[in-house]
Amino acid sequence: MMLSWKHLILLSFIGCLGGELLLQGPVFIREPSNSIFPVGSEDKKITLNCEARGNPSPHYRWQLNGSDINPSMEYRYKLNGGNLVVINPNRNWDTGSYQCFATNSLGTIVSREAKLQFAYLENFKTKMRSTVSVREGQGVVLLCGPPPHSGELSYAWIFNEYPSFVEEDSRRFVSQETGHLYIAKVEPSDVGNYTCVVTSTVTNTRVLGSPTPLVLRSDGVMGEYEPKIEVQFPETLPVAKGATVKLECFALGNPVPQINWRRSDGLPFSSKIKLRKFNGVLEIPNFQQEDTGSYECVAENSRGRNVARGRLTYYAKPHWVQLIRDVEIAVEDNLFWECRASGKPKPSYRWLKNGEALVLEERIQIENGALTISNLNVTDSGMFQCIAENKHGLIYSSAELKVIASAPDFSKTPMKKLLQVQVGSMVSLDCKPRASPKALRSWKRGDVIVQENERISFLKDGGLQIVNVTKADVGTYTCIAENQFGKANGTTRLVVTEPTRITLAPSNMDVSVGESVILPCQVQHDPLLDIMFTWYFNGALTDFKKDGSHFEKVGGSSSGDLMIRNIQLKHSGKYVCMVQTGVDSVSSAADLIVRGSPGPPENVKVDEITDTTAQLSWKEVPEVPPSEVSGGGGSRSELVITWDPVPEELQNGEGFGYVVAFRPLGVTNWIQTVVTSPDTPRYVFRNESIVPFSLYEVKVGVYNNKGEGPFSPVTTVFSAEEEPTIAPSQVSANSLSSSEIEVSWNTIPWKLSNGHLLGYEVRYWNKGEEESSSKVKVAGNETSARLRGLKSNVAYYTAVRAYNSAGAGPFSTTVNATTKKTPPSQPPGNVVWNATDTKVLLNWEQVKAMENESEVTGYKVFYRTSSQNSVQVLNTNKTSAELLLPIKEDYIIEVKATTDGGDGTSSEQIRIPRITNMDARGSTSAISHVHAVSSYVPVVLFFIVNALWRY
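Quick caveat: nothing in here was measured; it's all calculated off a predicted structure.

(A) The arrangement of the overall build of the protein chain in detail. Looking only at helices and strands, one finds 2 helices and 85 strands in the protein chain. Radius of gyration (C-alpha) of the protein chain: 45 Å, far over the 30 Å computed for a compact globule of 951 residues. By principal-axis analysis of the C-alpha atoms, the protein chain measures approximately 135 × 100 × 75 Å. Every one of the 951 residues in the protein chain was classed for burial, and the buried ones make up 41%. In the form shown here, the protein chain has an accessible surface area of approximately 50,300 Å², with 48% of it arising from carbon and sulfur atoms. Of the charged side chains in the protein chain, 95 are positive and 101 negative, and the gap between their average positions amounts to 5 Å.

(B) Highlighting the sheet that holds strand β62 (residues 638-644). Pairing is antiparallel in the open sheet, where 3 strands are placed in the order β61-β62-β65. The strands lining the two open edges of the sheet, one partner per strand, are β61 (627-631) and β65 (682-686). Ignoring strand direction, the axes of neighbouring strands in this sheet form an average angle of 15°. Pairing of β61 with β62, which is carried by 3 bridges, proceeds in the antiparallel orientation. If you follow S630 over to β62, its bridge partner there is T642.

(C) Main features of the nonpolar core. Formed by 21 residues in total, the largest nonpolar core has its most connected members in V427, W443, Y477 and L494. Breaking this core down by element, the ones donating at least two residues are β40 (418-422), β41 (427-429), β46 (464-466), β47 (475-483) and β48 (486-497). Residue contacts for L494: discarding those within four places in its chain leaves L419, V421, V427, I466, D473, V474, G475 and Y477.

(D) Molecular detail of the pattern of salt bridges. Taken as a whole and judged by the stated rule, the model has 34 salt bridges. Among the ionic pairs, E230 bridges to K228, the shortest N-O distance being 3.4 Å. Of the charged contacts, one joins R309 and E296 as a salt bridge, the two residues approaching to 2.7 Å between their closest N and O atoms. Taken as a pair, R309 in strand β29 (residues 304-322) and E296 in strand β28 (residues 293-301) lie far apart in primary sequence, 13 residues in all. Residue R309 is classed as partly exposed on the basis of its relative accessible area of 44%. E296 gets classed as buried once you look at its relative accessible area, which sits at 4%. Each of R135, R217 and D219 takes part in salt bridges that share partners, so that together they form one network.

(E) Highlighting the UniProt feature "domain: Fibronectin type-III" (unreviewed entry) in the protein chain. When the UniProt feature table is mapped onto this chain numbering, "domain: Fibronectin type-III" (unreviewed entry) sits at residues 625-722, 727-822 and 823-919. For the annotated span residues 625-722, helix accounts for 0% and strand for 50% of the residues, and the straight-line distance between the end C-alpha atoms is 32 Å.

(F) Structural view of the pairing of strand β3 (residues 45-48). Burial along β3 is one-sided: I46 and L48 are buried, while K45 and T47, pointing the other way, are not. Two strands pair when backbone bridges link them, and β3 and strand β8 (residues 83-87) are joined in this way by 4 bridges, in the antiparallel orientation. The partner of I46 across the bridge, within β8, is V86.

(G) Quick peek at the side chain of T203. Inspection of the secondary structure puts T203 in the loop between β18 (192-200) and β19 (206-208). A polar contact of 3.1 Å, which involves the side chain of T203, links it to the side chain of S200. A polar side-chain atom of T203 sits 2.8 Å from a polar atom in the side chain of T205. Residue contacts for T203: discarding those within four places in its chain leaves P38, V39 and A119.

(H) Looking closely at the pairing of strand β37 (residues 382-390). In terms of burial, β37 is a largely internal element, 8 of the 9 residues being buried. Note: strand β33 (residues 348-353) against β37, 6 bridges, orientation antiparallel. Paired with K353 across the bridge in β37 is F384. Strand direction decides the pairing type here: β37 and strand β38 (residues 393-404), joined by 9 bridges, are antiparallel. The residue of β38 that forms the bridge with E389 is L394. Following β37, the chain reverses through 2 residues before pairing antiparallel with β38.

(I) A look at the state of the cysteines. Taken as a whole and assessed by the stated rule, the structure comprises 6 disulfides. One disulfide bridge connects C144 with C196, the sulfur atoms lying 2.0 Å from each other. Its S-S torsion of approximately -75° makes the covalent link between C144 and C196 left-handed. Note that C144 is positioned in the loop between β13 (140-142) and β14 (149-150) and C196 in strand β18, a separation of 52 residues in sequence. With respect to class, C144 is no different from C196; both count as buried. Residue pairing for C339: its cysteine sulfur links by disulfide to C386, the two sulfurs lying 1.8 Å apart. One end of the pair, C339, is in the loop between β31 (335-338) and β32 (340-344); the other, C386, is in strand β37, with 47 residues separating them in the sequence.

(J) Highlighting the environment of P345. Counting through the fold element by element, P345 comes out in the loop between β32 and β33. On the basis of relative accessible area, P345 is assigned to the partly exposed category, the value being 36%. For P345 and S111, which are 234 residues apart along the polypeptide, the C-alpha to C-alpha distance reads 23 Å.

(K) Local environment of a nonpolar patch on the surface. On the surface, a cluster of nonpolar side chains totalling about 400 Å² of accessible area is made up of V604, V606, I609 and L616. Summarising the element assignment, V604 is placed in strand β59 (residues 602-607).

About the cut-offs
Residues numbered from 1 in each chain as written. Predicted model: local features only at pLDDT ≥ 70, side-chain atom pairs only at ≥ 80, totals over all residues. Heavy atoms only, no water. Helix = DSSP H or I, 4+ residues; strand = E, 2+ residues; numbered from the N terminus. Rg over C-alpha atoms; globule rule 2.2 N^0.38 Å. Buried < 20%, exposed > 50% of the residue type's maximum accessible area, 1.4 Å probe, protein only. Areas by Shrake-Rupley, 256 points an atom, 1.4 Å probe, with all protein chains shown as cover. Lys, Arg positive; Asp, Glu negative; His and termini not counted. Charge placed at Lys NZ, Arg CZ, Asp CG, Glu CD. Pairing = 2+ DSSP bridges. Axes fitted to C-alpha atoms, helices over the stretch in contact; angles between N-to-C directions. Core = buried A, V, L, I, M, F, W, Y, C linked by side-chain atoms within 4.5 Å. Contact = heavy atoms within 4.5 Å. Salt bridge = Lys/Arg side-chain N within 4 Å of Asp/Glu carboxyl O. UniProt positions renumbered as here; feature names shortened; annotations may be inferred. Polar contact = N/O pair within 3.5 Å; in protein donor to acceptor, adjacent residues only side chain to side chain. Disulfide = S-S within 2.5 Å. Patch = residues over 30% accessible without salt bridge, like charges linked within 9 Å, V, L, I, M, F, W, Y side chains within 5 Å.

Right, here's the structure in full:
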């Protein structure tokens, strides 16, 4: 549905009217799914679901195989809301792919494709089957040949008459792929009539074929012969992620062959793999990428063996990694919409707008699934869908693009009516009207246009900033916002006041118990501002009503003097006068020392009285500050201070807590805060103004309900570090073997705010599986890491970032390397040796790598004496070697093939016995390969045979 630009502008304006009418494009709640309709079902209709929400409510249409369905054909179709009802479904007309289209005034979306298939099973032709004549001991295959059908089938065979079914065992097998009956070795009891039974798993319809007579020939019994595999799986079989795959294998032979399974790469089966039907079926549930590879079925009897091989490959339908979301954006802005999906093979992307293929032009481009539209206009509004697809399936992600065109409006973001600031300060006046596109903004003070100068500047967000404010800046400031759709303005009145100053501050005093004193606090302030005085005693707000017998505020409107009558020891401590106005605050502190005889302990209690003891408890202020004051670490913009909590027996009463004081190194004034929990061992101060990794002086004091105690000695700690801001450079990845890749990089440049670099984090993942990546960490002075335990012949992607105690920095650019293929599973065979008293000559058969294995580049000979643990290695690129060894004691030797992917499987371990004054030969194969070379050899051979038998 196409809308005019005027219509779209009107919709944009309506959508902005305070939310009175919220328009929304269609969004699917339910989509059609694949369906199978049983032919002959009593139900004469099938319903394909489709439901979408939206405002206005969507209307619907359907397509079959890309052509519109006419709902006026009421004898065939009916629309029930958005659902399509197919009446009297017919497999000749109604088979195919269905899609639902939901449309309202904002656009159209199209559903995923849903396939409608028809399941049926016709009868066998009433044709008599020929008699099958075989010898006893011979194998036979009875063919089923199912009739025309659609949908999944299952097979069984009747022996002679119903309900006597053929029971499957190691000798008899019914393939669920072909339906045929296989008898590995026919016995006299097998003679009879066999009938194939075919069942539709969808319709539960069952049909029977004509009987096939099986008789024995009279010309003798079949002799023994090696297995012949008749049931085998394809050479290459693609399997979907998460599917259950069943591989069939069965062989004819005499004696009855035994079936076994293995992986060609030698890896063991995972625990989920099951063998069924007397090993005739290998079942792999929940198929995953690690299950791919070559599988072998081995059929073996006493006459020989046969092997069938097939490769399972992995595929995955696309699934979303990143969906697109609804976007509301101003005209003339640019749009970047990205959708990403994973799958195997890698998905490709295409885009729809309002249910039709998006038309590309100079300002509308698609690259790697990302849609870019520059210089948006209102006609770009609509419903967009990103489609990710590979040959195994496709998926849709839908979202609405609203391109907004509106005049400036201050109703939702009004400007402040009044701003009060001090002379000499900086002030920012906000101007943030809603407007699409963004409004151009200008300023006036009164009727005079504001111009930029050394004190006045226009901010990027349209605001106005004035530094070093003076009285001359007072006035009414108006922001004028304008775009092509209209104009609006807002105002702020700026009032400039003189700063508040304490003209007579309290000073430290030393007094005696019983005296009365006045702590002065007098100020000079701007007459336009109201002023308020408050006093704090040891960090607590003074309550003049509660402590009226001792505390009284005296003085005029510009004075907040504190009078303390009949002063007592408990009044010792720190007094702070806080002066606040509407635009600023100032404070001043003084320490008051009260001298006199200590009063009696309070709240003396006697507890746990025994015949000879009693426990006393009482309250005075705490006397012991925390120990081990330190700190450091934390996240950016944090100062972490730590200490060892004071034990309960040294807290001297209830209400115990800590006074934490800190200041940047070189600053005079302390910043103080109170921690009220006696068990707390740390305090974290968070503020954006904290300079990363800068020195602070800190101290921690104590207090309880009776007052403040002493502070700990001043110590210095560092504020939190700044996380690294630069990614490592020159990152490279190099494959070392079939399971290892080495990643290397250059160190990042160090700066003071980074503090101590803890190390580097290396992230790595398989191609297409970035969301399930792994990582390793190395120490700060390392510039390489080795990734171990990787899959062979797989491309791995990796990126590196630095980290410290504040967090991790940005990742480097991504690099990749492919692990080598696995080394050959075949060991060097038929290792033959020839020894004298000074050397050993070795020969062996060449190792040939399979297609999925690394090519052989040479061989390693490992040798040691029987009394040693340390092994020596000889490298060679031939299939022979000469070892200059004095044969004074037994030697143990192994041979391995070498490849880029690592060392291959070792040969059998051979032992060469100590030999004196004679030559000897031997091998890892049968003893018949050993040939005498002197009259003494029979004795030596007997020794060698025994040695080989033991090892």
